[in-house]
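An overview of the molecular structure
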Amino acid sequence: MKENFTFDDRLGILIPDLLLDLSEFSLEAQEEILLNWEQVRGSIPDRIRDLEIQINQKQALLSNESNFPRSCQLNSEIAELASIINDLWLWYRANEVLSTKVHH
């Protein structure tokens, strides 16, 4: 059921792309979708850790940067990475919503 997922370039993960409500799928399809989502969900903390490393690297560059436009660019890049992390945490927590839909 990988066709029920779409790769999100910004987040760097597959995200559910269900055309129907999860409860409208057969039980077998629901289980497969949830299994695939659990695999994706399990990769989210690693993705967040990689982004945090990038933030730390950019912060180190920023602390030594005297060029104002470059400082602004680094700040913008850090903010975007932080935004991605926030969105990844939202998707990580979305598991509860998917599981609840299947059990109701």
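The structure under discussion appears in the preceding block.
No experiment lies behind these values; they were computed from the predicted model shown.

Criteria and thresholds
- Along every chain, residues carry numbers that run from 1 in the direction the sequence is written.
- Only residues with pLDDT of at least 70 get local features here, since the model is predicted, and only at 80 or more are side-chain atom pairs given and counted; chain-wide, interface and lining totals rely on the full set of residues.
- As a rule here, side-chain values cover all heavy atoms of the structure and leave hydrogens and water aside.
- Pairing of aromatic rings covers Phe, Tyr and Trp, the last through its six-membered ring, and needs centres within 6.5 Å; plane angles under 30 degrees mean stacked, over 60 mean edge-to-face, and all others mean tilted.
- Going along the chain from the N terminus, every DSSP run of H or I of four or more residues is numbered as a helix, and every run of E of two or more is numbered as a strand.
- Geometrically, a lysine NZ or arginine CZ counts as sitting over a ring once it is within 6 Å of the ring centre and also within 35 degrees of the ring normal.
- Basic side-chain nitrogens of Lys or Arg form a salt bridge, by our definition, when they fall within 4 Å of a carboxyl oxygen of Asp or Glu.
- Residue burial is assigned from relative accessible area. The probe radius is 1.4 Å, only protein chains are included, and a residue is buried under 20% of its type maximum, exposed over 50%, and partly exposed in between.

A few words on the packing of aromatic side chains. By the definition in use, this model includes three aromatic pairs. A centroid spacing of 6.5 Å and a plane angle of 15° characterise the contact between F5 and W37, whose relative ring orientation is stacked. Of this pair, F5 sits in strand β1 (residues 5–8) while W37 sits in helix α1 (residues 27–63); the two residues are 32 residues apart in sequence, bridging distant segments of the chain. Put simply, the rings of F5, W37 and W91 touch in pairs and so form one group of aromatic residues. The ring of Y92 carries R41 above its face, with NZ or CZ at 3.9 Å from the centroid.

Right, let's talk about the pattern of salt bridges for a bit. Taken as a whole and assessed by the stated rule, the structure comprises five salt bridges. Linking D46 and R49 is a salt bridge whose minimum nitrogen-to-oxygen distance equals 2.2 Å. Here the residue D46 and the residue R49 both occupy positions in helix α1, the gap between them amounting to three residues, near one helical turn. The exposure class assigned to D46 is partly exposed, which follows from its relative accessible area of 37%. Ionic pairing is found between E77 and K58, a salt bridge with its closest N-O pair at 2.7 Å. Taken together, the residues E77 in helix α2 (residues 68–103) and K58 in helix α1 connect sequence positions 19 residues apart.

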